[in-house]
Amino acid sequence: MEALNLLMHGFQTAFTLNNLLFCLIGVTVGQFIGVLPGLGPVAGMAILIPLTYGLEPTTAIIMLSGIFYAAMYGGTITSVLINTPGESASTITCLDGYQMARQGRAGAALGIAAIGSFVGGVVALVCLTFLGPPIAKFAVRFGPPEFFAIMSFGLLLIVGLMGKSIAKGMIAAVFGILLSLIGMDPATGTDRFTFGQLWLLDGVEFVVLAMGIFGISEILVNAEKNMDIPVPPKVKGFIPKRSEWGISAKAIGRGTVIGMVLGLIPGASASVASLMAYSTEKKVSKHPEQFGKGAIEGVAAPETANNAFSGAAMIPLLTLGIPSSPTVAMLIGAFTMHGLVPGPLLYEKNPTFLWGLIASMFIGNVVLLVMNLPMANMWAKVARIPYKLLGPLIILICMVGVYSVNRMIPEIALLTLFGVVGYFMKKLEIPGAAVILAFILGNNLEYTLIQTLSMSNNGLLYLFQRPISGVMMGLCILILIGSIVSSVMKKRDKLAADQEV
Amino acid sequence: MNMRKGSRIAMVLATLLALTALLPQAVFAQDYPKRPITAIVAFGAGGGTDLAARIILKFAEKYIGGIFVVENKPGAGGALGFTAIAQAKPDGYTIGMINPPSVLFNPIQLGDKVKYKLSDFALIANFVSDPGAIMVSYDSKFKTLPEVVAWAKANPGKLRIGYGGPGTQEALTLRKWIADNDLKVLKVPFEGTGTNLTALLGGNTEVMFANASEIMPQYEAKQIRVLAVGTEKRFSWMPEVPTFKEGGFNATQMAMRGLAAPKGIDPANLKKLADAMKKTFDDPEFQAKAKEVNLPLDYQGPEQFLKTLQTLDVFYRAEYAANPW
Amino acid sequence: MKKKLQAGAWAGIVFLAIGILFFAYSLIYPYSSEVGPGSGFFPIWISGFLIVLALIYIYESVKGNDSAEEITRESFTKVLMIVIFMVLFVLFLPIAGFNISGTAFLFAMFFKSYGLVKNLIISLVSTLAIYFLFLLLGVQLPLNALGF
């Protein structure tokens, strides 16, 4: 059919030596930048986009997609190695990925992440290729009430994921939401809770919060043992154990579906996708208590989901010209610079470019996989650097990374504060992940709520007056009641060790 | 183990040092500019302002005989970047993009929390004037602006209008439109044109207020119908669309993007910059590129730009005093 | 038993304090606005919720239901030292510039791990490596008045 023809043609374009070379460069550099804490995909792209201005449009875009995917993978690498999400979507990966690294299985974690990302990304692209426009038309019907419902659902998942104490999980989540409210109010622009500090006008930076609560606190906790952390055993190989293949495959399958479905909805976020995938895996697993201790599907599912999400999110981008996240928005900016304005007409006005782009995304994914599987071992070696050297270096790099985002020195102080907060939270078994995830959702939650309320005169009832959001909100309420009931019942159990998430 | 690590680090360091030596060290033969000029952009890379800046400056390089380096300083709705421009050393090596009317709004809204004012800038030139636009989805029942007004009057509290939220320029336009026609409508804020458009196309809002340049692709693809634009006379890119005034709405709305330097810059250097910008604007290749990326051009030289801004400033201050937003 | 109780309860009190602080500020912001809910709307509910949760948490801790780890004095000292070094780094950064502050920070952190000379070399080299790495990526780290 026509689409296949065009795609083949696209591959021809993408496969020129020049384009391949730049794809490779993009992937390499993008990954490198994604790995440095602080600089994540957004910053990485910001730095590298100007370098593409001198290139031919097609080549430039190919390089950019390489950077995009690679930078996201770089974020995964930091999640696994130093328990610090390089970007919001990798937050969930920290939970099991880092534990796997501590067990010496960093290679396997990175490997399955690479494989899952590849599968998720490619499947999403295939759908994009053949199903683009009609899907977009349907997805567009999702409005603020639906988004609010999705976010609420995500929030409940967060609380539901937390080990034992619903109260602790809720405190963490509510605290996270409260932090997200600092800064300019999205609806009216008044600055809230900034205590007169201009640099807080844009709110707390995700990177600062995540690095503090996850990364720095981890080092602080380890400092108690005098940095005498045993070096993780040398487990070679980036391929998961035979016994894990089955589980991983299923996790990847589920992750792909979840990621794709959410990616099609303009307005959902990758973090919600990875969160849902992780949560689903935990719920269907035969050994849920393994999650948070290094369960491989705890890495496979979210990683797959978030790449499937990005791939699928290209659909609204390319068919409607609507970006689904800041990183994608930058990609649009770069496209536009080269005179390629995404939008409904792109499919018609410039088919060569478009199909070349899709083909190059395939290639980008392949290059990423090929490069990273063998390199996973190399990355894993980083985890084996003696901690007394690694720990302080990580702290310094984190501080520099924070600075590199906004060049504001007070943010480094904030990082330190969050590090201390995270330390206490770890000690008290209050889930840091809940804080971070709720923080990510917080702003969106408020904004969609405001939008929903402004769309009708019926207040919150409006949420239930629309089919999709009505169903979702109904689900949310059921889950909430269910969780509270089951936690009250659980209190009667005297289960000793319950893991801290 | 120590030796290996030590010498490895040393090698890396040496390589890095060598690489930094390769960083471009251009030497210019003239008085000004003698080294690269930094251009501060108050918004993130990839956004509309950033794009405009990079394109303009790329072409301007050959007319000024130098190099421009874009530095993104996003934050606080532009306030951080604008402040940086106003407070930079006026030696001619730092300039920046300013976005009226946002650049005017900040001192008005935030008072002395903001550390710059209009008089802190020496204006170089305005490049882009982006008209406001009122639109509906293509298969909407509304074909003209008066039809919308009539429907809203007959159905109070039902019409949903998507816009950029309080504090944006279109918020003021919307406010005036509502007041002029004495309407009761539902205003739905959106962060960015993308989500605003999605809502419009998905039937979650009926009308949308935004800027023309941001919806050109959808306009050209006939996914939306623009009912009116905020220019004084018809907008050349949308010749069949009536202006606000023609549609019965007595207002205009233009978002501008131009270049400015901190005040106190040497007038000779300012003139060099202004001249270079004028030549850039006249460059047919530049104009073609601008059209390609949907930047509606509107050149205003330093004096004219200043007058425009001063007029606008007076207007907005009066608006704010009468009716703060 | 008592030490554990203190830790949890104190945390609860901190959260309570934060909740109250935000709640108080939220009252200042308008509850409704021209689009419906105003800037005070969401914060009031959220901070109010935090207050309730904090009270529940304190109650749970006092009842002894908390299984949190103990925080001993000596382990906390080590943590405190690191935090102090970080704070010092932040304070000196604008004055002394990155290269000096970074080296000093690492030197302090490595103090017990390596001998003096080895420490100095590692600290200095690492700091400079980071400096140039970020420079290459377009991030200029703060310099001091002397230009390095």
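Draft legend 1. The overall build of chain B, seen in detail. On a plain count of helices and strands, chain B comes out with 11 helices and 10 strands. Expressed as a percentage of the 325 residues in chain B, the buried residues total 55%. Residue pairs at least 24 apart in sequence account for 74% of intrachain contacts in chain B once pairs closer than 6 positions are excluded. For chain B, the accessible area works out to roughly 13,900 Å², and carbon and sulfur atoms hold 57% of it.

Draft legend 2. Broad picture of the overall build of chain A. Summing up its helical and strand segments, chain A has 20 helices and 2 strands in all. Looking at chain A as a whole, 67% of its 501 residues are labelled buried. Residue pairs at least 24 apart in sequence account for 78% of intrachain contacts in chain A once pairs closer than 6 positions are excluded.

Draft legend 3. Local environment of the domain arrangement of chain B. Residue and element names in this part refer to chain B. Here chain B is described as being made up of domain 1 (30-129 + 255-322) and domain 2 (131-229). Computed from C-alpha coordinates alone, the two centres of domain 1 and domain 2 are separated by 29 Å. In this assembly, domain 1 and domain 2 are joined by 1 salt bridge. Glu 319 is the salt-bridge partner of Arg 175, the closest N and O atoms lying 3.2 Å from each other. The interface formed by domain 1 and domain 2 includes 1 residue pair in polar contact (both at pLDDT 80 or more). Counting residues per element, the ones that place at least two in the side of domain 1 that touches domain 2 are α4 (102-110) and α11 (302-322). In terms of residue class, the side of domain 1 that touches domain 2 is made up of 5 nonpolar, 3 polar and 2 charged.

Draft legend 4. Fine view of the packing of helix α18 (residues 432-455) of chain A against helix α2 (residues 41-63) of chain C. Axis separation between α18 of chain A and α2 of chain C bottoms out at 10 Å; the angle between their running directions is 125°. On the basis of the axis angle, α18 of chain A is oblique to α2 of chain C. The two elements α18 of chain A and α2 of chain C cross, and the hand of that crossing is right-handed. Touching Gly 442, Leu 445, Glu 446, Leu 449 and Leu 453 of chain A of α18 of chain A are Phe 41, Phe 42 and Pro 43 of chain C, all from α2 of chain C.

Draft legend 5. Main features of the nonpolar core. Counting residues in hydrophobic clusters, the biggest one holds 201 residues, and the most contacted among them are Leu 262, Ile 395 and Met 399 of chain A together with Phe 98 and Phe 105 of chain C. At 14 residues, helix α4 (residues 57-82) of chain A tops the list of elements feeding residues into this core. Two domains each donate at least three residues to this core, and these are domain 1 (7-63) and domain 2 (73-136) of chain C. If we ignore the near neighbours within four places in the chain, the residues touching Ile 395 of chain A are Ile 216 and Ile 219 of chain A together with Ile 82, Met 86, Phe 105 and Met 109 of chain C. Among the nonpolar cores identified, the runner-up in size contains 38 residues, and Tyr 32, Ile 95, Ala 261 and Leu 295 of chain B belong to it.

Draft legend 6. Broad picture of the pairing of strand β9 (residues 254-262) of chain B. Residues and elements named next belong to chain B. Most of β9 is tucked away: 8 of the 9 residues are buried. Summarising the sheet, strand β3 (residues 94-98) and β9 pair through 3 bridges and their orientation is antiparallel. Note that in β9 the partner of Ile 98 across the bridge is Gly 258.

Draft legend 7. Layout of the packing of aromatic side chains. According to the stated counting rule, one finds 28 aromatic pairs over all chains in the structure shown. Aromatic side chains Tyr 423 of chain A and Phe 424 of chain A sit 5.4 Å apart centroid to centroid with 70° between the ring planes, which places their arrangement in the edge-to-face category. Between the aromatic rings of Phe 127 of chain B and Tyr 299 of chain B, the centroid separation amounts to 6.3 Å while the plane-to-plane angle is 85°, which identifies the pairing as edge-to-face. Taken together, the positions of Phe 127 of chain B in strand β4 (residues 121-137) and Tyr 299 of chain B in strand β10 (residues 297-300) put the pair 172 residues apart, joining distant regions of the chain. There is no split in this pair, since Phe 127 of chain B and Tyr 299 of chain B are both buried. Aromatic rings pair up to connect Phe 59, Phe 127, Phe 281, Phe 286 and Tyr 299 of chain B into one cluster. One cation-aromatic arrangement involves Lys 388 of chain A over Tyr 114 of chain C; the distance from NZ or CZ to the ring centre is 4.9 Å. The cationic tip of Lys 278 of chain B hangs over the ring face of Tyr 299 of chain B; the distance from NZ or CZ to the ring centre is 5.2 Å.

Draft legend 8. Examining the interface of chain A and chain C more closely. In this assembly, 62 residues from chain A lie in contact with 65 residues from chain C. Where chain A abuts chain C, roughly 5,800 Å² becomes buried across the two surfaces, and 82% of that area is made up of carbon and sulfur atoms. For chain A, the biggest contributors to the area lost against chain C are Ile 171, Phe 193 and Leu 396 of chain A; these three give 11% of the whole. Linking chain A with chain C are 0 salt bridges, by the criterion used here. Seen at the junction of chain A and chain C, the total is 0 residue pairs in polar contact (both at pLDDT 80 or more). Here the side of chain A that touches chain C gets 12 residues from one element, more than from any other, and that element is helix α16 (residues 387-406) of chain A.

Draft legend 9. Structural detail: the side chain of Thr 84 of chain A. As for its placement among the helices and strands, Thr 84 of chain A is situated in the loop between α4 and α5 (91-102). Of the residues examined, Thr 84 of chain A reaches a relative accessible area of 2% and is grouped as buried.

Draft legend 10. Looking closely at helix α7 (residues 193-201) of chain B. Burial analysis of α7 of chain B places 7 of its 9 residues in the buried class, the great majority of the element. On its buried face, α7 of chain B sits against β4, β5 (160-163), β7 (207-211), α8 (212-220) and β8 (224-229) of chain B.

Draft legend 11. The arrangement of the pattern of salt bridges in detail. All names here are of chain B. Overall, the coordinates contain 19 salt bridges over all chains when judged by the stated rule. Between Arg 160 and Glu 206 there is a salt bridge; the shortest N-O distance is 3.0 Å. With Arg 160 in strand β5 and Glu 206 in the loop between α7 and β7, this pair connects stretches of sequence that are 46 residues apart. Assessed through its relative accessible area of 23%, Glu 206 is described here as partly exposed. Among the salt bridges present, the one from Lys 278 reaches Asp 282, with a minimum N-O distance of 3.0 Å. One end of the pair is Lys 278 and the other is Asp 282, both in helix α9 (residues 267-282) and 4 residues apart, which spans about a single turn. Under the relative-accessibility criterion, Asp 282 is labelled partly exposed at 43%.

Draft legend 12. Spatial organisation of the side chain of Thr 173 of chain B. Residue placement: Thr 173 of chain B occurs in helix α6 (residues 169-181). Beyond its immediate chain neighbours, meaning those up to four positions away, Thr 173 of chain B contacts Phe 209, Phe 244, Phe 249 and Gln 253 of chain B.

Draft legend 13. Spatial organisation of the environment of Thr 38 of chain B. All names here are of chain B. Its location among the elements puts Thr 38 in strand β1 (residues 37-41). On the basis of relative accessibility, which here comes to 22%, the residue Thr 38 falls in the partly exposed class. Between the C-alpha atom of Thr 38 and that of Gly 92, which follows or precedes it by 54 residues, the distance is 9.2 Å. Every residue in contact with Thr 38, bar those within four places of it in the chain, is listed here: Val 69, Glu 71, Tyr 93, Thr 94 and Ile 95.

Draft legend 14. Molecular detail of a nonpolar patch on the surface. Residues and elements named next belong to chain A. On the surface, Leu 461, Phe 464, Ile 477, Leu 480, Ile 481, Ile 484, Val 485 and Met 489 cluster together to form a nonpolar patch covering roughly 740 Å² of accessible area. In terms of residue count, the dominant contributor to the nonpolar patch is helix α20 (residues 467-490) (6 residues). If you trace the backbone, Val 485 turns up in helix α20. We classify Val 485 as partly exposed; its relative accessible area is 45%.

Reading the values: rules and limits
Residues numbered from 1 in each chain as written. Chains lettered and ligands numbered in written order. Predicted model: local features only at pLDDT ≥ 70, side-chain atom pairs only at ≥ 80, totals over all residues. Heavy atoms only, no water. Helix = DSSP H or I, 4+ residues; strand = E, 2+ residues; numbered from the N terminus. Buried < 20%, exposed > 50% of the residue type's maximum accessible area, 1.4 Å probe, protein only. Contact = heavy atoms within 4.5 Å. Areas by Shrake-Rupley, 256 points an atom, 1.4 Å probe, with all protein chains shown as cover. Domains from an automatic or database assignment. Salt bridge = Lys/Arg side-chain N within 4 Å of Asp/Glu carboxyl O. Polar contact = N/O pair within 3.5 Å; in protein donor to acceptor, adjacent residues only side chain to side chain. Nonpolar A, V, L, I, M, F, W, Y, C, P; charged D, E, K, R; others polar. Axes fitted to C-alpha atoms, helices over the stretch in contact; angles between N-to-C directions. Parallel < 35°, antiparallel > 145°, perpendicular 65-115°, else oblique. Left-handed = near helix turned anticlockwise from the far one by under 90°. Core = buried A, V, L, I, M, F, W, Y, C linked by side-chain atoms within 4.5 Å. Pairing = 2+ DSSP bridges. Phe/Tyr/Trp six-rings, centres within 6.5 Å; stacked < 30°, edge-to-face > 60°. Lys NZ or Arg CZ within 6 Å of the ring centre and 35° of its normal. Buried area = accessible area lost by both parts, 1.4 Å probe. Patch = residues over 30% accessible without salt bridge, like charges linked within 9 Å, V, L, I, M, F, W, Y side chains within 5 Å.

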